[in-house]
Amino acid sequence: MKKIGIFYAPAKGSTEKVIKMVAQKLGSDAELHLIDEKTNPESMDKFENIIFGISTVGRDHWDAQYKKIGWDMFLPKLTGYDFNNKTIAIVALGNHIMYEDNFLDALGHLAPIIKNQNGKLVGEVPVSKFSDFEHINSFGVIDNKFPGLPIDDDNLSDVTDERLNEWLTELKPKFA
Ligand SMILES: Cc1cc2nc3c(=O)[nH]c(=O)nc-3n(C[C@H](O)[C@H](O)[C@H](O)COP(=O)(O)O)c2cc1C
């Protein structure tokens, strides 16, 4: 398996905590990159395998607490980026109790960008896989699937580790 570039934001919260768990589980197969104001899509050029880490903190303002860094700066830069020959998976953080109508909306924005720009998206998860999330009504669900791994570390932190393990076991063979 070729090296996996992990790109995530924001820092200091649950996304960083969970994405560092992912990196630790992948060990030397992974290279961790915090997305900041200097991160350009070209940083991804050398990777055929990519994992994105993203949280939803309001649909129109991705990182309300971190206005000058993170996905709010990076998403617009992805316009026109060619994901051809790249296999990409997403870990998405949200809160299914407080935001059941907007649970993981950011995932619903990011996944189509990858697909529409020639990327091969892997690691999708049927909503029915996790009964906790079956009642939610969200932009982050496409064709009854989450186009990435849904993590609610606010309410379900006790299952985060086991869900990551299971997802990574299925995901690894899909990477080049
Ligand atoms: C201001 C604010 C808005 C949020 N909006 C949403 C939302 O629309 N949908 C959702 O699923 N979670 C929402 N959340 C929950 C976060 O996604 C969740 O707490 C996540 O773990 C935060 O990760 P982070 O600390 O890395 O940003 C919101 C949290 C905050 C603080």
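Residues numbered from 1 in each chain as written. Predicted model: local features only at pLDDT ≥ 70, side-chain atom pairs only at ≥ 80, totals over all residues. Heavy atoms only, no water.

**Comments concerning unusual backbone geometry**
Across the chain, the bulk of peptide bonds are trans and the bulk of non-glycine residues have phi less than zero.
Thinking step 1. A cis amide bond links A9 with the next residue in sequence, P10, at an omega value of 0 degrees.
Thinking step 2. Not every positive phi belongs to a glycine, and L104 is a case in point at roughly 60 degrees.
Thinking step 3. Tracing the backbone through its elements, the reader meets L104 in the loop between β4 (87-93) and α3 (105-116).
Thinking step 4. With phi around 55 degrees, D143 is a residue other than glycine that occupies positive phi space.
Thinking step 5. Within the element layout of this structure, D143 appears in the loop between β6 (125-126) and β7 (145-146).
Thinking step 6. Of the residues examined, D143 reaches a relative accessible area of 65% and is grouped as exposed. (Helix = DSSP H or I, 4+ residues; strand = E, 2+ residues; numbered from the N terminus. Buried < 20%, exposed > 50% of the residue type's maximum accessible area, 1.4 Å probe, protein only.)

**A few points about the site of the ligand**
Thinking step 1. The immediate surroundings of the ligand are formed by 17 residues, with T15, S55, T56, N102 and D154 found nearest.
Thinking step 2. N95 places a polar main-chain atom, nitrogen or oxygen, 3.2 Å from an oxygen atom of the ligand.
Thinking step 3. At a separation of 2.9 Å, a nitrogen atom of the ligand approaches a polar backbone atom of N102.
Thinking step 4. Contact with the protein chains covers 79% of the free accessible surface of the ligand, which is 640 Å².
Thinking step 5. Residues of the shell around the ligand, tallied by class, amount to 6 nonpolar, 10 polar and 1 charged. (Near = heavy atom within 4 Å. Polar contact = N/O pair within 3.5 Å; in protein donor to acceptor, adjacent residues only side chain to side chain. Areas by Shrake-Rupley, 256 points an atom, 1.4 Å probe, with all protein chains shown as cover. Nonpolar A, V, L, I, M, F, W, Y, C, P; charged D, E, K, R; others polar.)

**Brief notes about the environment of S128**
Thinking step 1. Of note, S128 is situated in the loop between β6 and β7.
Thinking step 2. In sequence terms S128 and L164 are 36 residues apart; their C-alpha atoms lie 17 Å from each other.

**With respect to the packing of aromatic side chains**
Thinking step 1. Scanning the model with the defined rule gives 9 aromatic pairs in all.
Thinking step 2. Measuring from ring centre to ring centre gives 5.8 Å for F7 and F47, while their planes differ by 80 degrees; the resulting arrangement is edge-to-face. Pair noted here: F7 is in strand β1 (residues 4-8) and F47 is in the loop between β2 (30-34) and β3 (49-55), with a separation of 40 residues, a long-range link.
Thinking step 3. By relative accessible area, which is 0% here, F7 ends up buried. (Phe/Tyr/Trp six-rings, centres within 6.5 Å; stacked < 30°, edge-to-face > 60°.)

**Side note on helix α1 (residues 14-26)**
Thinking step 1. Between its first and last C-alpha atoms α1 spans 18 Å; for 13 residues at 1.5 Å apiece the expected length is 18 Å, and the two agree.
Thinking step 2. Considered for burial, the residues of α1 that qualify are T15, E16, V18, I19, V22, A23 and L26.
Thinking step 3. On the buried face of α1, the contacting elements are β1, β2, β3, β4, β8 (149-151) and α4 (157-171).
Thinking step 4. Phi turns positive one or two residues past the end of α1, at G27, with a value near 60 degrees. (Expected span 1.5 Å × (residues − 1). Contact = heavy atoms within 4.5 Å.)

**Description of the pattern of salt bridges**
Side chains that carry opposite charge are capable of pairing whenever their charged atoms lie near each other.
Thinking step 1. Applying the stated criterion across every chain, the model contains 8 salt bridges.
Thinking step 2. Of the charged contacts, one joins E48 and K2 as a salt bridge, the two residues approaching to 3.0 Å between their closest N and O atoms. Linking E48 in the loop between β2 and β3 with K2 in the segment before β1, this pair joins segments that are 46 residues apart in sequence.
Thinking step 3. Accessibility expressed as a relative area gives 31% for E48, which makes it partly exposed.
Thinking step 4. Of the charged contacts in the structure, one is a salt bridge between K115 and E124, with a shortest N-O distance of 3.1 Å. (Salt bridge = Lys/Arg side-chain N within 4 Å of Asp/Glu carboxyl O.)

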